[in-house]
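Secondary and tertiary structure notes
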Amino acid sequence: MASSPAIVGTVSMDLTTIDLSHTQALQPGDEVTLLGQEGDSKLECATDRRLAGTISYNILCGIGARVRRVYVD
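Being a predicted model, the structure only gives us computed values, none of them experimental.

**Quick word on the overall build of the chain**
A count of helices and strands for the chain gives two helices and four strands. Its helices and strands in sequence order give the chain the pattern β-β-β-β-α-α, from N to C terminus. Counting across all 73 residues of the chain, residues that qualify as buried make up 3%. Within the chain, counting contacts between residues at least 6 apart in sequence, those at least 24 apart form 14% of the total.

If you want it as C-alpha cells, here you go:
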C-alpha cells in the first residue's frame, strides 16, 4: 500500500469524509474497505485507534447502527 487515505475533519453521525485525491484508481460509487482485509492490504481497529489517539472500542462504537454491515466467514 503506497499511501493511505486520510480521514478529513471529524466523523459526523454516520458520515466520514476520506481524502482519495492521491489515487486515480477510485471513482465515486466504488466500494472500499475501511476495516478488514482486501488483497494484500489490511487495516485493523488497532491501527485506526493509534492514528486517532484513542482505543479500539471507541472506533467500533463510533460506527452507527445505520451503517450497513457485511460479515464474511
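**Describing the confidence of the model for the chain**
Averaged over all residues, the pLDDT of the chain equals 75, while 79% of them reach at least 70. Model confidence for the chain, summarised as mean pLDDT per element, is weakest for strand β1 (residues 6-12) at 63 and strongest for strand β3 (residues 36-38) at 84.

**Considering the environment of D48**
Inspection of the secondary structure puts D48 in helix α1 (residues 45-52). Relative accessible area serves as the criterion here: at 19%, D48 is assigned to the buried category. C-alpha separation for the pair D48 and L34, spaced 14 residues apart in sequence, amounts to 9.6 Å. Other than its neighbours up to four places away in sequence, D48 contacts L34, L35, L43 and I59.

**Some remarks on the environment of I63**
With respect to the helices, strands and loops of the structure, I63 is situated in the segment after α2 (56-61). Since its relative accessible area comes to 33%, I63 is described here as partly exposed. For the pair I63 and T16, spaced 47 residues apart in sequence, the C-alpha separation works out to 9.8 Å. Filtering out sequence-adjacent residues up to four positions away, I63 remains in contact with L35 and R69.

Thresholds applied
Residues numbered from 1 in each chain as written. Predicted model: local features only at pLDDT ≥ 70, side-chain atom pairs only at ≥ 80, totals over all residues. Heavy atoms only, no water. Helix = DSSP H or I, 4+ residues; strand = E, 2+ residues; numbered from the N terminus. Buried < 20%, exposed > 50% of the residue type's maximum accessible area, 1.4 Å probe, protein only. Contact = heavy atoms within 4.5 Å. pLDDT = per-residue confidence, 0-100.

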